[in-house]
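Structure at a glance
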Amino acid sequence: MPGVPIVKMHGVLLVTIQDELLDYSVDELQQQITEQVVEYQARGVLIDISVLDVVDSFLARTLHDIAAATALLAAKTVVVGMRPAVAITLVELGLVLSGLQTALSVEEALDLLRDGAAPR
């Protein structure tokens, strides 16, 4: 999928969203992430959304669904780089993203993934 590289690094898939995504791209991304979790036996997924000015309800729900699916596949998902305006908008929309962990930096996200998952 052009525009959304997924890199495997020390048992973690690093997903860097580099541009706004269309709905079909979000669906493709979810499929690709879950397939690669299985293929690489990843213990974690780190999704960097720092370039996004807007996270609509569809993308927010998909991030939640990715976290739920990866949890069933024995991997933890952490979203990093959420802008304050995005967080405020999600709260105003009443979106509860239970099970979706967030971190302020990639380093913090990697610490969460390392500390919270058993080594493979």
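Residues numbered from 1 in each chain as written. Predicted model: local features only at pLDDT ≥ 70, side-chain atom pairs only at ≥ 80, totals over all residues. Heavy atoms only, no water.

1. Focus: the pattern of salt bridges
Note the cut-off: In the sections that follow, a salt bridge refers to a side-chain nitrogen of Lys or Arg positioned within 4 Å of a carboxyl oxygen of Asp or Glu. Labels follow the DSSP assignment, with helices taken as runs of H or I lasting at least four residues and strands as runs of E lasting at least two, numbered in each case from the N terminus. Remark: exposure states derive from per-residue accessible area (1.4 Å probe, protein chains only) relative to the maximum for the residue type, with buried under 20%, exposed over 50%, and partly exposed in between.
Under the definition given, this model contains two salt bridges. Note that Asp-53 and Arg-83 form a salt bridge whose closest N and O atoms lie 2.9 Å from each other. Residue Asp-53 is located in the loop between β3 (44-48) and α2 (57-72), and its partner Arg-83 is located in the loop between β4 (76-80) and α3 (84-92); the two are separated by 30 residues in the primary sequence. What makes Arg-83 partly exposed here is its relative accessible area of 34%. Where Asp-111 meets Arg-114, a salt bridge forms, and the shortest distance between an N and an O atom there is 2.3 Å. Taken together, the residues Asp-111 and Arg-114, both in helix α4 (residues 106-116) and three residues apart, mark about one turn of the helix.

2. A look at the nonpolar core
The line we're drawing: Take the buried Ala, Val, Leu, Ile, Met, Phe, Trp, Tyr and Cys residues and link them wherever side-chain atoms come within 4.5 Å; each set so joined is a nonpolar core.
Core analysis: the largest hydrophobic core is formed by 25 residues, its most contacted members being Val-15, Ile-33, Ile-47 and Val-55. The set of elements that each furnish at least two residues to this core consists of β2 (12-16), α1 (23-40), β3, α2 and α3. Ranked by size, the runner-up nonpolar core spans seven residues in total, among them Val-12, Ala-103, Ala-109 and Leu-113.

3. Focus: a negative patch on the surface
Stated precisely, the cut-off is as follows: Residues enter a patch when their relative accessible area is above 30% and they make no salt bridge; the linking distance is 9 Å between like charges and 5 Å between nonpolar side chains (Val, Leu, Ile, Met, Phe, Trp, Tyr). All accessible areas in this document rest on Shrake-Rupley with a 1.4 Å probe, and a residue is counted as covered only by the protein chains that are shown. The positive count covers Lys and Arg only, the negative count covers Asp and Glu only, and His and the chain ends enter neither. For this purpose, a charge sits on NZ of Lys, CZ of Arg, CG of Asp or CD of Glu.
A cluster of like negative charges, contributed by Asp-19, Glu-20, Asp-23, Asp-27, Glu-28 and Asp-56, occupies part of the molecular surface. Summarising the element assignment, Asp-56 is placed in the loop between β3 and α2. The class of Asp-56 is partly exposed, set by a relative accessible area of 37%.

4. Looking at the UniProt feature "domain: STAS" (unreviewed entry) in the chain
Let me state the cut-off plainly: UniProt positions are given in the numbering used here, feature names are shortened, and annotations may be inferred rather than shown by experiment.
The residues that UniProt annotates with the feature "domain: STAS" (unreviewed entry) are residues 11-113. Taken end to end, residues 11-113 is 50% helix and 17% strand, and its two terminal C-alpha atoms sit 10 Å from one another.

5. Description of the pairing of β3
Put simply, the test is: By this definition, two strands are paired if DSSP reports at least two bridges between them. By convention a crossover is right-handed if, when the strands point away from the viewer, the path from the first strand over the helix to the second runs clockwise.
The buried count for β3 comes to five of five residues, which makes it a mostly enclosed element. Side chains of β3 alternate between two faces, with Gly-44, Leu-46 and Asp-48 and Val-45 and Ile-47 buried alike. The sheet contact formed by β2 and β3 spans five bridges and is parallel. Paired with Val-15 across the bridge in β3 is Ile-47. Handedness of the crossover joining β2 and β3 through α1 is recorded here as right-handed. Here β3 pairs with β4 via five bridges, running parallel. When the sheet's bridge partners are listed, Leu-46 is paired in β4 with Val-78. With α2 bridging β3 and the parallel β4, this β-α-β connection has right-handed handedness.

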